[in-house]
Amino acid sequence: MTNLEPTKPLPDSEEMEISFGPQHPATHGVLRVMVKLDGERIVDARPVIGYLHRGTEKIFERETYNGAIPHTDRMDYTAAATNNQGLVGAVERIMGVTVPPRAAYIRMILAELQRIASHTIWLGTHALDIGAQSPFFYTFQEREKILDLYEEYCGARLTLNAMRVGGLPYDLTDGWTGRCRAFVDQFPARIAEWERLLTANRIWKLRTVGVGVISAESAIEWGLTGPPLRGSGVKWDIRKVFPYDHYNEVEFEIPIGTSGDTYDRYLVRMEEMRQSVRIVQQCLAKLPDGPVMAKVPKVIKPPKGEVYFSVEGPKGELGYYVVSDGGASPYRLHVRPSCFINLQALPEMVRGQLVADLIAVIGTLDIVLGEIDR
Amino acid sequence: MANPWVAYLLVPLVKIAVILGVVIMLAAYLSFFERKILAYMQIRIGPNRVGPRGWLQPIADALKLFVKEDIVPSRAEKLVYLLGPVLVTAPALVVFSVIPFGTSFTLFGAEVTPYLADVNIGILFILGVSSVGVYGVILGGWASNNKFSLMGGLRSAAQLVSYEVPMGLSVVTVLLMANSLSLVKIVEAQKAAGIWYAVPGFVAFFIYFVCGVAETNRNPFDLPEAESELVAGFHTEYSGMKFAFYFLAEYANMVVISSIATVLFLGGWLPIFPNWLAGFWASPAFAWIPPVLWNAGWFLVKTFAFLFVYIWFRGTFPRYRFDQLMALGWKVFIPVSLVNLMAVGLGVLLVGGPR
Amino acid sequence: MSFWGFLASVVPFELAQGLGVTGRFFFKRKATIQYPEVKPVPKDRFRGMFGFSEERCIVCHSCAKACPIAIIHIQDHFEEVEVEGKKRKKKVLDRYDIDVKRCMFCGLCEEACPTKPVAIWLTTKSYETAAYERNERLYFTKERLQSWDGVRPYPGVVPPSQGQLPEDPTGGSGEAKP
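Residues numbered from 1 in each chain as written. Chains lettered and ligands numbered in written order. Predicted model: local features only at pLDDT ≥ 70, side-chain atom pairs only at ≥ 80, totals over all residues.

**Remarks on the overall build of chain A**
On a plain count of helices and strands, chain A comes out with 15 helices and seven strands. Computed over C-alpha atoms, the radius of gyration of chain A comes to 21 Å, within 12% of the 21 Å expected from 2.2 N^0.38 for 374 residues, which places it in the range of a compact globule. Classification of the 374 residues of chain A by burial places 55% in the buried group. If you take every contact in chain A between residues at least 6 apart in sequence, the share linking residues at least 24 apart comes to 68%. (Helix = DSSP H or I, 4+ residues; strand = E, 2+ residues; numbered from the N terminus. Rg over C-alpha atoms; globule rule 2.2 N^0.38 Å. Buried ≥ 20, exposed ≤ 12 C-beta atoms within 10 Å, placed from the backbone. Contact = placed C-beta atoms within 7 Å.)

**A few points about the overall build of chain C**
When helices and strands are tallied, chain C shows six helices and five strands. Evaluated residue by residue, chain C yields a buried proportion of 24% over its 178 residues. At a minimum sequence separation of 6, the contacts of chain C that also span at least 24 residues come to 64%.

**As for the sheet that holds strand β3 (residues 86–99) of chain C**
Residues and elements named next belong to chain C. The strand order across the open sheet formed by three strands is β2-β3-β5, and the pairing between neighbours is antiparallel. Each edge of the sheet is formed by a strand with only one pairing partner; in this case those strands are β2 (72–83) and β5 (139–140). As defined by bridge partners, β3 adjoins β5 across two bridges and the pair is classed as antiparallel. Across the sheet, I98 pairs through a bridge with F140, a residue of β5. (Pairing = 2+ DSSP bridges.)

**Quick notes on helix α7 (residues 183–193) of chain B**
All names here are of chain B. Residues of α7 that are buried: L183, V184, I186, V187, A189 and Q190. Buried residues in α7 make contact with α4 (122–131), α6 (147–178) and α9 (241–265). In the stretch just after α7, G194 is the one whose phi turns positive, near 80 degrees.

**Some details on the interface of chain B and chain C**
By a widespread convention, an interface's size corresponds to the accessible area lost as its parts come together. With nine residues of chain B at the interface, the matching set in chain C holds 11 residues. Elements supplying a minimum of two residues to the side of chain B that touches chain C: α1 (4–41) and α12 (291–316) of chain B. Here the element with the most residues in the side of chain B that touches chain C is α12(B); it accounts for three residues. For the side of chain B that touches chain C, the residue count by class is six nonpolar, two polar and one charged. (Nonpolar A, V, L, I, M, F, W, Y, C, P; charged D, E, K, R; others polar.)

**Some points on the nonpolar core**
Among the nonpolar cores identified, the biggest contains 193 residues, and A:V91, B:Y208, B:A252 and B:F265 are the most heavily contacted of them. Top element by residues in this core is α9(B). It accounts for 17 residues. When sequence neighbours within four positions are dropped, the list of residues in contact with B:F265 reads B:V174, B:W196, B:Y197, B:A198, B:G201, B:F205 and B:Y208. Grouped together as the second largest cluster of nonpolar side chains are 23 residues, C:I72, C:C106, C:I120 and C:F140 included. (Core = buried A, V, L, I, M, F, W, Y, C linked by C-beta atoms within 7 Å.)

**So, the pairing of strand β7 (residues 332–336) of chain A**
All names here are of chain A. Of the two faces of β7, the one lined by L333 and V335 is fully buried and the one lined by R332, H334 and R336 carries no buried residue. As judged from the five bridges shared by strand β6 (residues 316–324) and β7, these two strands associate in the antiparallel manner. By the bridge assignment, G319 is partnered in β7 with R336.

**Digging into the environment of B:F247**
All names here are of chain B. Tracing the sequence through the fold places F247 in helix α9. Its 20 C-beta neighbours within 10 Å are what place F247 among the buried residues. Separated by 229 residues in the primary sequence, F247 and V18 place their C-alpha atoms 21 Å from one another.

**Considerations on unusual backbone geometry**
Cis rather than trans, the peptide bond between B:N219 and B:P220 has omega equal to 0 degrees. Along the chain, B:P220 turns up in the loop between α8 (202–215) and α9. Cis peptide bonds are those with omega within 30 degrees of zero, and the linkage from C:Y35 to C:P36 qualifies with 5 degrees. One can find C:P36 in the loop between α2 (13–26) and β1 (51–52).

**So, the sheet that holds β7(A)**
All names here are of chain A. With antiparallel pairing, the three strands of this open sheet are ordered in space as β5-β6-β7. Strands with a single pairing partner mark the edges of an open sheet, and in this sheet they are β5 (305–313) and β7. In this sheet, neighbouring strand axes are inclined to one another by 15 degrees on average, regardless of whether the strands run parallel or antiparallel. (Axes fitted to C-alpha atoms, helices over the stretch in contact; angles between N-to-C directions.)

**Observations concerning the confidence of the model for chain A**
The predicted structure's coordinates, where accompanied by low pLDDT, should not be read in detail. All names here are of chain A. Considering every residue of chain A, the mean pLDDT works out to 88; 95% of them sit at 70 or more. Confidence, read as mean pLDDT per element, is least for strand β1 (residues 8–9) in chain A (53) and greatest for helix α11 (residues 262–286) (93). Between residues 1–6, whose pLDDT stays under 50, and residues either more than four places distant or in other chains, the model counts 14 contacts. (pLDDT = per-residue confidence, 0-100.)

Below, the structure is given as structure tokens:
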């Protein structure tokens, strides 16, 4: 049950402040929200973070660049491939290394599969918070198939360590492309099944339409990225605006919503899964032969300089700011965490709503505390 | 029966023992079936380790609750705290005294009726007694000395009270068709009419069942007791046997609603089309089954069908928010059941009186 | 509003559709694996518990340098050996310890090892490393690394006890592949 402090009535008001979390099944990690309630309405909700801080950015300063990659896996642990992609992309940009096309295409496939995997977790837990218990199991069953593909490729299911500066550590195994194709070909039917369970469901619509609304201007002001931004109608996706790898050679659409509420963000993410399937199918068809690793020295020592490189992770824009002093370890490696910046808009999204909507909004922001706290 | 001691004391005691035994075992095993059926819908198998294929799981759960430490909050109101679970469980079990499981049959040369009492205000008795359960909820929430239990208890009670109105109105449509309040006579009226009341009264059937789901605080109406909510449910502060009682009461209430729905709408112990297919049901394929088992079997099958639908709802639907729940009850179900009542009344008049 | 629209708002057709989805899953094959009677076997590249081969190790310390969290502890000394009539200095391994309780199973040590086949590997397809006591049972010394319950040789390698020749690590069966 909830971890509640004794209520402290604020002076001269009828308001109550209660603490929601950090141990709570619905906060998706160790998030604490100090909620000020007036009766049943939320007046203010202040997230308190830091319960999962592990000093990742300080650890980066003592690691080599390739040794830092396993640490990035553990930030947004539901989407490890895009974390890896961001770091290696940033270092390659400082060094001026071009990754061979086969490696770039495989990276795109891994990243898009990771986007699907992350959205399946989001859907399962979001539906579970709102009360539907079964989609959790259906979505995780599909995620198991993706994790099996990852296990076959790089040996790990969650903390992948699947990319290196200059390319990839291994080539694909025999039959991997066939299995991947089989998975993505049957996946849209699964999405249709989940939609049949939820999208037109009047209870689902009652719980999500009009809940957690944020306008497009507010979203841009707060710096939101990813589905929260696109759900409000702003067409902004790093893969289209600042393309990396070979995203400008594949065709895909950016789904956007209209009203910026939870239902629109739900529709945006479902459509994103379908577009990821489309990207993976095109990449598999276009996969060139060749090496998977560029010519990079054994010990990576980028020249002095700094770079900011961002990728479109499943949660939003994940950016890496690397300052190199010419040595084998970075001088400073700062991460622009997508969930951290998305979470800052929580008070605006829940002001005036009921307590039961707080949980729906935390679910729709799709936060992972590993990335917020690092 | 010659001996009044046997007729008025021994036979009812035996019947009470049988009914209570069956109902409590059914409620306990319902928790097991719920876990298995939910699991099957969720691509997994439920408990299958305790006993053969998991069938001893409820026994293990009951033993666990027996030996759990009984924590009483220090500033809780002791007497009321102890009374809360009792006030919820007792009405759920008492209601079974008027539910008929079949017609009378002979046992050792004497007439035995497979129900405890045939009160001629049966339905009224049921509605009244099951309303006492609301007391248990409120008192349990208040006596825990926890603001959030109290809020949860009040919400739960508000939900129960507001969904009793459309439930009562749908029951009235059945009464219009059957012209009696006694449960045995309602089933006999369905036999005389040759059709289960679910067919002419399908709206009332649907409303009764959905309100029944709300009455038992089950998904999609289980906000007051959901784990992912901010406000704790009314039974947060209870542990051990008292919690077991609340748990038992919830499942027993499910069985109550299902049994009453069976009796009112699905013809109790009657087979499908009892008059039209009377020749088929009397054929030698079924003639070897003794009547008491035949009746009880049909009753059980229909009750299990309802319980399966309860569990199916739990596995599928998201939850209503509390204000939406109340709006649904007052703004949708009550008008619809009122209109349905008038329509059924008109229909009964046109058909020439209750049948 | 049209008749069908009114009907759809009163009769919950889409809820019935949702019930149909869960109802269909009721009859589908279940995904449960009855562990521990049935144990899922990981794929070939699965990064699990360590395997170590003292014969192949050339004590170059590459693995210890590559490890991001420095949990490989190596100590060695030089010894004089007679090889073909000349006195040579050979490195001998004193201590090769891995602190598995801190390991993140990233595989960078395996990637850094220069011998062919590698002397430290994680592809033993073993994931059951749980122990009741953390500090002693999860600290693997050289001897334990080569003898823990379930250890397997590097895939394709035949151990010396089964006839491996020093020059041909695969025992003559072909190229050892990851």
